[in-house]
Amino acid sequence: MELIQPGLGLIFWMTLSFLAVFFILRKYAWKPILKMLREREESIDKALHAADQAKLEMEQLKFDNEILLREAKNERDAILNEARKIRDKIFEEARMKANEDAQRIIENARDRIENEKMAAIVELKNQIALLSIEIAEKLIREELSHDKKQEGLIKKMLDEIKSN
Amino acid sequence: MNGKPGALNIRVICITIFMIAFTVFARAVETHDTDTSHQPGNKKFNAGRLMIDHIVDAYEWHILDIGKTHVSVPLPVILIYEGKFHVFMSSKFHHGHDSYAGFKIEDAGSRKGKIVRVKEGTMETDVQAGMILDFSITKNVFGIFVSAILLILIFTSVAKAYTRRQGQAPKGLQSFLEPVILFIRDDVARAAIGKKADKFMPYLMTLFFFIFLNNLLGLIPIFPFGANVTGNLAVTGGLALMTFLVTNFSGNKNYWAHIFNTPGVPWWLKFPLPLMPIVEILGMFTKPFVLMVRLFANITAGHLVILGFMSLIFVFSNMQAYLGLAMAPVSVAFGIFMSFLELLVAFIQAYVFTLLSALYFGMAVEEHH
């Protein structure tokens, strides 16, 4: 029977102690503990959220970078193309000019050569003429040194004229 | 509730085996010492008496006997009789052998173990005497004080750790208790009550840790621990009463409507004979009653089983000295096993009491569905 007879005093002290513990712990333990737990959870939540945000931003940044890189590449290609074109043009122009110059030089040279040739021919003709005259003089002088021969020649010449 | 059915089954099996064994030996002892059992200073070992004495409340904290010397810590007796306070130490009773100031500890009958009035100059109980209001600091009251102080010390220091180490990872005692606190908050309070859980958190936490700590301290067999606090009906009844009061004072319109005009049942169950309201009102009281009995019975049973195994040593020694010696290792092994089981039960019972309280609060504050 002792086992199931609750003591009045025990109920009283038990209730008193439990309530005292309850009120003391509520004020000095549960409130700060639960508050801190909640705050920590919130801060962890916030941190996780921020990390997610950062990841998203990183991705955005990477994406932006890629776009930037692609643009830069395109621009580089464009510049290179332009440069190549300009180079080609300059080459072409230079080549044309060189051709022209060469043509002109060749033309000049040809003209000169022609002139020189003509002058040489004229000179040669003159020389030949002079030489011919000299030879002819010498020949005539030789021929005419003998009367006989002079006569033969005159005769031959007269023949020739006659035959004409 | 159905968290650890395996452990509870083992428990039931153990108790059954033990009870069968015990009744056989207890009967043997009983028949053996019928002639000497009422004499003071009886040397015969009475297992049932020893077990009950270890479990019930007492006016002094008995530690051990050496020969005929009782080693015990006297505790203050506070009585109100006929409007007057009587305060003295329990050692004045000389372990129940003497009366003091007209009071004695009853040694037989239905009021056995309680303080009663004696007839002038004798040791006879005065049955005509008026009621004695007994506010003594008994073993259990002292045990409650010890655990109350421990609870306050532990949790204020933990709270300090929380404020000091704000925003940091828990450390030491704080990190040991944090999972338990979170378990009570998330898996008990919030799971059972829902949105309004935070309002009940201080009560549920106090309840859980009060029961848990007292369960654990009850397993330590050395002064100032080891009072069978949660295995006492007055204590579990007090706790159940508080849960009852909190439930009914926080009950909203739906809760009372559910009791007096239960929705979803045919009208003839409520009128002219209010069957359902009667059942529901009975339910209001059976809920805390079940809480009270469950905790009391579980803790008391655990202690009884451990004490029973220890008593077996002496029961056997009384028959034959070597038999007792042979029994000792078996009893100790079972005692250790039971103690481990009790550690589990200490948690489970604290959890069950708290969870059921939370469920009742949840029913009381539930919004209309």
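Residues numbered from 1 in each chain as written. Chains lettered and ligands numbered in written order. Predicted model: local features only at pLDDT ≥ 70, side-chain atom pairs only at ≥ 80, totals over all residues.

> Explanation requested: the overall build of chain A in the structure shown.
Along chain A, the regular secondary structure elements total 2 helices and 0 strands. Here chain A has a C-alpha radius of gyration of 65 Å; the compact-globule value for 164 residues is 15 Å, and the former is much larger. With 164 residues in all, chain A has 9% of them scored as buried. (Helix = DSSP H or I, 4+ residues; strand = E, 2+ residues; numbered from the N terminus. Rg over C-alpha atoms; globule rule 2.2 N^0.38 Å. Buried ≥ 20, exposed ≤ 12 C-beta atoms within 10 Å, placed from the backbone.)

> I tried to follow the environment of Pro6 of chain A on my own but got confused; where do I start?
Looking at the secondary structure, you find Pro6 of chain A in the segment before α1 (8–143). As a C-alpha pair, Pro6 of chain A and Glu41 of chain A span 35 residues in sequence and 44 Å in three-dimensional space. Not counting chain neighbours up to four residues away, the residues in contact with Pro6 of chain A comprise Ile11 of chain A together with Leu233, Ala234 and Gly237 of chain B. (Contact = placed C-beta atoms within 7 Å.)

> What should I look at first to understand the environment of Ala120 of chain A in this one?
Checked against the element boundaries, Ala120 of chain A lands in helix α1. Linking Ala120 of chain A and Leu10 of chain A, residues 110 residues apart in sequence, is a C-alpha distance of 155 Å.

> Could you clarify how one ought to interpret the domain arrangement of chain B in this entry?
Interface size is commonly expressed as the accessible area that is lost once the parts come together. One can read the domain layout of chain B as domain 1 (59–137) and domain 2 (140–365). The straight-line distance from the C-alpha centre of domain 1 of chain B to that of domain 2 of chain B is 31 Å. (Domains from an automatic or database assignment.)

> Whenever I open this one, the sheet that holds strand β7 (residues 132–134) of chain B confuses me. Can you help?
Each strand in a sheet pairs with another by means of backbone hydrogen bonds, the pair being arranged parallel or else antiparallel. Residue and element names in this part refer to chain B. On the basis of which strands lie adjacent, the open sheet formed by 3 strands has the order β4-β3-β7 and antiparallel pairing. A strand with exactly one partner marks an edge of an open sheet, and here the two such strands are β4 (84–89) and β7. Each adjacent strand pair in this sheet contributes to an overall mean axis angle of 25°, direction not counted. Bridge analysis of strand β3 (residues 76–81) against β4 gives 6 bridges, and the strand direction is antiparallel. Of the residues in β4, the one forming a bridge with Ile80 is Phe85. (Pairing = 2+ DSSP bridges. Axes fitted to C-alpha atoms, helices over the stretch in contact; angles between N-to-C directions.)

> Before we go on, may I ask you to explain the interface of chain B and chain A in this structure?
With 41 residues of chain B in contact, the opposing surface of chain A contributes 31 residues. Counting only elements with at least two residues in the side of chain B that touches chain A, the list comes to α2 (47–55), β7, α3 (139–164), α5 (197–217) and α6 (233–249) of chain B.

> Can you help me understand the packing of α5 of chain B against helix α9 (residues 321–365) of chain B in this one?
Helices that pack against each other are described as a pair by the angle of their axes relative to one another and the distance between those axes. Residues and elements named next belong to chain B. Packing of α5 against α9 brings their axes to within 8 Å, and their N-to-C directions diverge by 160°. Between α5 and α9, the interaxial angle falls into the category roughly antiparallel. Crossing hand, α5 versus α9: right-handed. Contacts between α5 and α9 involve Phe200, Leu204, Leu207, Phe208, Ile211, Phe212, Asn215 and Leu216 on the former and, on the latter, Ala346, Phe347, Gln349, Ala350, Phe353, Thr354, Ser357, Ala358 and Phe361. Class assignment for the residues of the contact of α5 with α9 results in 13 nonpolar, 4 polar and no charged. (Parallel < 35°, antiparallel > 145°, perpendicular 65-115°, else oblique. Left-handed = near helix turned anticlockwise from the far one by under 90°. Nonpolar A, V, L, I, M, F, W, Y, C, P; charged D, E, K, R; others polar.)

> Is there a simple way to explain the environment of Leu291 of chain B in this structure?
Residues and elements named next belong to chain B. On the secondary structure map, Leu291 appears in helix α8 (residues 275–319). The exposure class assigned to Leu291 is buried, which follows from the 22 C-beta atoms found within 10 Å. Each C-alpha atom of the pair Leu291 and Ala346 lies 15 Å from the other, and the pair is 55 residues apart in sequence. Among all residues touching Leu291, those that are not within four sequence positions of it are Ala240, Thr243, Phe353 and Leu356.

> I tried to follow the nonpolar core on my own but got confused; where do I start?
Nonpolar side chains in soluble globular proteins tend to be buried together. By size, the foremost hydrophobic cluster in this structure holds 69 residues, and its most contacted members are Ala189, Phe200, Leu204, Phe208 and Ala358 of chain B. Of all elements in the fold, only α1 of chain A together with α3, α4 (173–193), α5, α6, α8 and α9 of chain B reach the threshold of two or more residues within this core. When residues of this core are assigned to their parent elements, the largest contribution, 14 residues, is made by α5 of chain B. Dropping the residues within four chain positions of it, Ala189 of chain B is found in contact with Ile184, Ala197, Phe200, Met201, Leu204 and Ala358 of chain B. One finds Leu304, Val305, Phe316 and Met338 of chain B within the second-largest nonpolar core, a separate group that totals 13 residues. (Core = buried A, V, L, I, M, F, W, Y, C linked by C-beta atoms within 7 Å.)

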